[in-house]
Amino acid sequence: MKNLYLIDFDGTLTKEDSTRSFLREISNTYQYFMYYYLYPLKYIISYYFLRGDSYTIKKYRFYYFTSKISATDIKQKLERWDKHIDSILLDGAIEFIRKLKGNPDNEVYIVSAGISIILNGWTEREGVGLITNLFNASFTCPHNVFEHEYDCDRVGKVLRIRSEIDIDQYNRIIAYGDTPNDFDMFMLSDKFIYRSLEIA
């Protein structure tokens, strides 16, 4: 029996948001406040009060950080970032992933609304697939800082899963998540696990 495990990352496997943690690490207090809160303030206000788009906030934030902070500093942080991710994982999370990977009938994918360059090192080390927002290293503005026009979140997770995985080849699809943003992915699965790392 061939099983496909689709696992959300932030909150499901971690104690804190991996993107926010990374942005804190590559910036000082002043830079973090400016690029995370002040510069994208109008998009934050639009999201909370005018039904704006959270993906726009994410694009502008990542644009400000990656365009205004030294590329060398960012690269140095990324070289050892998988170790930092280990430190923000929930207790038992890495054992959970490795146990799933230990079964040759299982294929495991992290499906995250995070960002590729932040998660690549850890997922490659653990030998799991990654579906997330793809950073565009050739970006020229906030609108093309990521390769896709939609966020890898909510229904965007389903669109990306269907575009990158032939789900019909699996006997079972099991999805894990911790917020309503994962419910669309749950609808794609045969079984879903909410806020738990129970092995199904």
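Now for a look at the structure at hand.

Basis of the calculations
Residues numbered from 1 in each chain as written. Predicted model: local features only at pLDDT ≥ 70, side-chain atom pairs only at ≥ 80, totals over all residues. Heavy atoms only, no water. Phe/Tyr/Trp six-rings, centres within 6.5 Å; stacked < 30°, edge-to-face > 60°. Helix = DSSP H or I, 4+ residues; strand = E, 2+ residues; numbered from the N terminus. Buried < 20%, exposed > 50% of the residue type's maximum accessible area, 1.4 Å probe, protein only. Contact = heavy atoms within 4.5 Å. 1 Å grid on protein atoms, 1.4 Å probe; cavity = no way out; pocket = protein on both sides within 12 Å on 5 of 7 lines; lining within 4 Å. Points joined across faces, edges and corners; volume = space filled by probe spheres on them. Nonpolar A, V, L, I, M, F, W, Y, C, P; charged D, E, K, R; others polar. Core = buried A, V, L, I, M, F, W, Y, C linked by side-chain atoms within 4.5 Å. Axes fitted to C-alpha atoms, helices over the stretch in contact; angles between N-to-C directions. Left-handed = near helix turned anticlockwise from the far one by under 90°.

1. Re the packing of aromatic side chains
Then step 1. Considering all chains together, one arrives at 25 aromatic pairs under this definition.
Then step 2. Both rings, one in Phe-33 and one in Tyr-37, keep their centres 6.2 Å apart while their planes meet at 45°; by these two values the pair is tilted. Residue Phe-33 and its partner Tyr-37 are located together in helix α2 (residues 29-38), separated by four residues, close to a single helical turn.
Then step 3. Overall, the relative accessible area of 45% leaves Phe-33 in the partly exposed class.
Then step 4. Taking the relative accessible area as the measure of exposure, Tyr-37 reaches 32% and is therefore partly exposed.

2. A few points about the side chain of Asp-8
Then step 1. Within the element layout of this structure, Asp-8 appears in the loop between β1 (3-7) and α1 (18-25).
Then step 2. On the basis of relative accessible area, Asp-8 is assigned to the buried category, the value being 6%.
Then step 3. Setting aside anything within four residues of it in sequence, one finds Asp-8 in contact with Leu-13, Val-111, Lys-157, Tyr-176, Gly-177, Asp-178, Asp-182 and Met-185.

3. Some words on the layout of surface pockets
Then step 1. Estimated volume of the largest pocket: approximately 980 Å³.
Then step 2. Asp-17, Ser-54, Lys-58, Asp-153 and Asn-181 are the residues nearest the centre of the largest pocket, which is lined by 37 residues in total.
Then step 3. The greatest single-element share of the lining of the largest pocket, amounting to six residues, is contributed by helix α4 (residues 54-68).
Then step 4. Each residue belonging to the lining of the largest pocket can be placed in one class, and the counts come to twelve nonpolar, nine polar and 16 charged.

4. Focus: the nonpolar core
Then step 1. Ranked by size, the top nonpolar core spans 44 residues in total, and within it Ile-7, Leu-13 and Ile-97 carry the most contacts.
Then step 2. For this core, the element with the highest residue contribution is α4, accounting for six residues.
Then step 3. Beyond its immediate sequence surroundings of up to four residues, Ile-7 is in contact with Thr-12, Leu-13, Phe-96, Ile-97, Leu-100, Val-108, Tyr-109, Ile-110, Val-111 and Tyr-176.
Then step 4. If you look at the next biggest cluster of nonpolar residues, it comprises 16 residues, including Leu-4, Ile-165, Ile-173 and Ala-175.

5. Let's talk about the packing of α2 against α4
Then step 1. α4 packs onto α2 with a crossing angle of 145° between their chain directions and a minimal axis gap of 8 Å. In this structure, the crossing between α2 and α4 has a hand that is right-handed. When α2 is examined against α4, the residues Gln-31, Tyr-32, Tyr-35, Tyr-36 and Tyr-37 are found in contact with a partner set consisting of Arg-61, Tyr-64, Phe-65 and Lys-68.

Just geometry here; none of it tells us what the structure is for.
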